[in-house]
Protein chains: 2
Amino acid sequence: MAEEISGRGDPLKSLHLLWGRASAGKRGPKSKVQLADLVQAAIAIADAEGIDAVSTRRVAEAVGISAMSFYTHIPDKSALIDLMIDAIAGGPEGAALPRFDPANWRDNITMVATAYRQFYLDHPWALQVGTHRPVLGPNTLRAYEAILSVVDGLGLDEVEMDMTVTLITNYVFGAVRDVARAASVKQQTGMSDDEWWYAIAPFLETIDWAPYPVASRVGPVVGELYGLGDPDRAFTFGLERMLDGIEAMIARKAALRA
Amino acid sequence: MAEEISGRGDPLKSLHLLWGRASAGKRGPKSKVQLADLVQAAIAIADAEGIDAVSTRRVAEAVGISAMSFYTHIPDKSALIDLMIDAIAGGPEGAALPRFDPANWRDNITMVATAYRQFYLDHPWALQVGTHRPVLGPNTLRAYEAILSVVDGLGLDEVEMDMTVTLITNYVFGAVRDVARAASVKQQTGMSDDEWWYAIAPFLETIDWAPYPVASRVGPVVGELYGLGDPDRAFTFGLERMLDGIEAMIARKAALRA
DNA sequence: AATTACCCTTTACACCGTACAATGTTATGC
DNA sequence: GCATAACATTGTACGGTGTAAAGGGTAATT
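In this numbering scheme, every chain counts its residues from 1 along its sequence in written order. Here the convention is simple: chains get letters from A, ligands get numbers from 1, in the order in which they are written. Per-residue local features are limited, in this predicted model, to residues with pLDDT of at least 70; the limit for side-chain atom pairs, both in listing and counting, is 80 or more; totals at the level of whole chains, interfaces and linings are taken over all residues. For side-chain calculations, the full set of non-hydrogen atoms in the structure is used, while hydrogens and water are omitted.

An unreviewed UniProt entry lists chain A under the name TetR/AcrR family transcriptional regulator, from Devosia sediminis.

This is the structure we're talking about:
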């Protein structure tokens, strides 16, 4: 299994585990470990060494059970991934959602987008998990509720709200990918960005740049100022453009109503 | 190797292969296969069955050489991934870049963004490849040149141009992820979205939706109209918002100059 | 003719996810 | 009290992965 894909196994089994509806097991011997132990161990491994290091064998060993005992608690690896995703979506602890004042919608979106970005920066391995089919766990749902709330009360209809949320999450996902991946690539290759550029620089000088006039003009300027680019600044820049675009839509709808 | 990461092995080896500077081998017997044969075979497998199905053994077998013979041509799997990415970045055939008229910049960006999206839709496995460190092959560079060109001549400085390109590519990447992933998930699970929803629907009715008021209001409306959502419409919607945001920036800069 | 450089191959290792069967443990029904 | 059903845990095994190591064959160079 090369790529981790959430929602791969029997969806119902994952859902039952996500919502704590596992049958619990009355008859046999007590479990040596809890479901949450396995999930936390897996997250710890992923945070420390990346998602690649998370194998069923390693997780089982980490909590002190044998490789196959893992499957007593979790039906397959994709269910483990689902549980990991929902667990980290919970954030540090189940804090109540703040009340968002629509009047400050720009600040609200900025706050939510930044938090969403931080989520991925804290657990960059989550980027590598395919989440087309949403992990419908309690924490994931709460995150969706939060981001929907910040576009509520702006005069948008339901479909526009959903598409605006999609716009925001899509942008954040794309924007965080580079910076988070940087860490994981370095982890796996043991080579920093600077070392990498230094290694390939001599070769780049042998390339004929004539077919790439704009790139050869822009590239050096950007590189000199920011190295590989300043992810924080690029994120803020893109977010501002997006907010301006959303503002134009809100203004247009308000004008229509007047 | 669970996740494919480009630029993992010796960067110089990949670069030499990308630019056709491989030593070619004068002394020994003729190669039974060409480098391009291996790359094309790997792409065919990935297009048909996803990146997971691409293993060095299968690629070697597909072109008629033994498993280890693969390593005569390509130093390791990450180099193969690099070559695959650059090969598909070339598009159908090396067509010359169109001249972009800055006056039609909205159309230009739309065209490039749509083409970039189509690139991922044609080869969804490319989404799963970590590309933090760019694959600096000729075709990839040409694609970067193209997208930089459409933000050239708009009155932006080099850094703004780069960040605008980043904004666009980030959005497209995020936007295409869902729809492309849908195909790959279905491929791996053999379950369509409808089947999936049908399977989990009974469970969803047992959930207490009170903590998720906005989601439970928006979700059904969106779902009824579009099922899991209309990716094409969502893409266009987000792109329009982004263009509006870029337009505001261009106007502001023009006003400053006046 | 000898050497050298190169392509191809077989074998092997350590890892992966997990199917299967066996063994041990506990709460329940009689 | 005891048989039984339900459960947890375990070792073994299979087919897959990337690739290191070593050896055999072939063709151009010396």
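Chemist: Sorry if this is basic, but what is going on with the pattern of salt bridges here?
Modeler: Side chains bearing opposite charge may pair, as long as their charged atoms lie close to each other. Salt bridges are defined by distance alone: a side-chain nitrogen of Lys or Arg within 4 Å of a carboxyl oxygen of Asp or Glu. All told, the structure shown has 20 salt bridges over all chains when counted by the stated rule. In this structure, D152 of chain B and R217 of chain A form a salt bridge, with 2.7 Å as the shortest nitrogen-oxygen distance. With D152 of chain B in the loop between α7 (138-149) and α8 (158-189) and R217 of chain A in helix α10 (residues 213-226), this pair bridges two chains. Partly exposed residues are those whose accessible area sits between 20% and 50% of the maximum for their type, while under 20% is buried and over 50% is exposed, using a 1.4 Å probe and protein chains only. Given a relative accessible area of 25%, D152 of chain B falls into the partly exposed group. For R217 of chain A, a relative accessible area of 35% translates into the label partly exposed. Between R241 of chain A and D244 of chain A there is a salt bridge, with the nearest N and O atoms lying 3.7 Å from each other. Taken together, the residues span about one helical turn, with R241 of chain A and D244 of chain A both in helix α11 (residues 231-257) at a distance of three residues. Residue R241 of chain A is classed as buried on the basis of its relative accessible area of 8%. Here a helix means four or more residues in a row that DSSP labels H or I, a strand means two or more in a row labelled E, and each is numbered from the N terminus.

Chemist: Please clarify how the packing of helix α2 (residues 35-49) of chain B against helix α3 (residues 56-63) of chain B should be interpreted in this entry.
Modeler: Residue and element names in this part refer to chain B. The axes are straight lines fitted to the C-alpha atoms, using for helices just the contacting stretch, and the angles between their N-to-C directions are given from 0 to 180°. Axis separation between α2 and α3 bottoms out at 9 Å; the angle between their running directions is 115 degrees. In this structure, α2 meets α3 at a crossing whose hand is right-handed. Contact with α2, carried on its side by D37, L38, A41, A42, I45 and E49, involves R58, V59, A62 and V63 of α3 and no other residues of that element. Ten residue types, Ala, Val, Leu, Ile, Met, Phe, Trp, Tyr, Cys and Pro, are classed as nonpolar, four, Asp, Glu, Lys and Arg, as charged, and the remainder, Gly among them, as polar. By residue class, the composition of the contact of α2 with α3 is seven nonpolar, no polar and three charged. For a crossing to be left-handed, the near helix must be turned anticlockwise from the far one by less than a right angle; the clockwise case is right-handed. Contacts are assigned to residue pairs that have any heavy atoms within 4.5 Å of one another.

Chemist: What's the story with the protein's contact with DNA strand C in this structure? I'm lost.
Modeler: Near, as used in this document, describes a residue that has one of its heavy atoms within 4 Å of the molecule or strand being considered. Lining the immediate environment of DNA strand C, one finds 26 residues, of which R57 of chain A together with K32, S66, M68 and H73 of chain B sit closest. The sugar-phosphate backbone supplies 62% of the atoms of DNA strand C found within 4 Å of the protein. Polar contacts, as counted here, are pairs of nitrogen or oxygen atoms within 3.5 Å of one another; within protein the pair requires one atom able to donate a hydrogen and one able to accept it, and residues that are adjacent in sequence qualify only if both atoms are side-chain atoms. At a separation of 2.8 Å, a phosphate oxygen of DNA strand C approaches a polar side-chain atom of S55 of chain A. Note that a phosphate oxygen of DNA strand C is positioned 2.8 Å from one of the side-chain N or O atoms of K77 of chain A. For the surface near DNA strand C, the secondary-structure elements that each account for two or more residues are α3 (56-63) of chain A together with α4 (70-73) of chain B. Of the residues in the surface near DNA strand C, the class split is eight nonpolar, ten polar and eight charged.

Chemist: I would appreciate a short explanation of the protein's contact with DNA strand D in the present structure.
Modeler: Taken together, 27 residues sit near DNA strand D, with K32, S66, M68 and T72 of chain A together with R57 of chain B positioned nearest. Sugar plus phosphate: this is where 60% of the atoms of DNA strand D within 4 Å of the protein reside. Within the side chain of R57 of chain A, a nitrogen or oxygen atom sits 3.4 Å from a base nitrogen of DNA strand D. Here the residues of the surface near DNA strand D are counted per class, giving eight nonpolar, ten polar and nine charged.

Chemist: How should the packing of α11 of chain A against helix α11 (residues 231-257) of chain B be read in this particular structure?
Modeler: What describes two packed helices is the angle between their axes and the distance between those same axes. At a closest axis distance of 7 Å, the pairing of α11 of chain A and α11 of chain B adopts a crossing angle of 105 degrees. With respect to α11 of chain B, the axis of α11 of chain A lies roughly perpendicular. Counting all contacts with α11 of chain A, which are made through F237, R241, D244, G245, I246, A248, M249 and R252 of chain A, the residues of α11 of chain B involved are F237, R241, D244, G245, I246, A248, M249 and R252 of chain B. Working rule for angles: under 35 degrees goes down as roughly parallel, over 145 as roughly antiparallel, 65 to 115 as roughly perpendicular, anything else as oblique.

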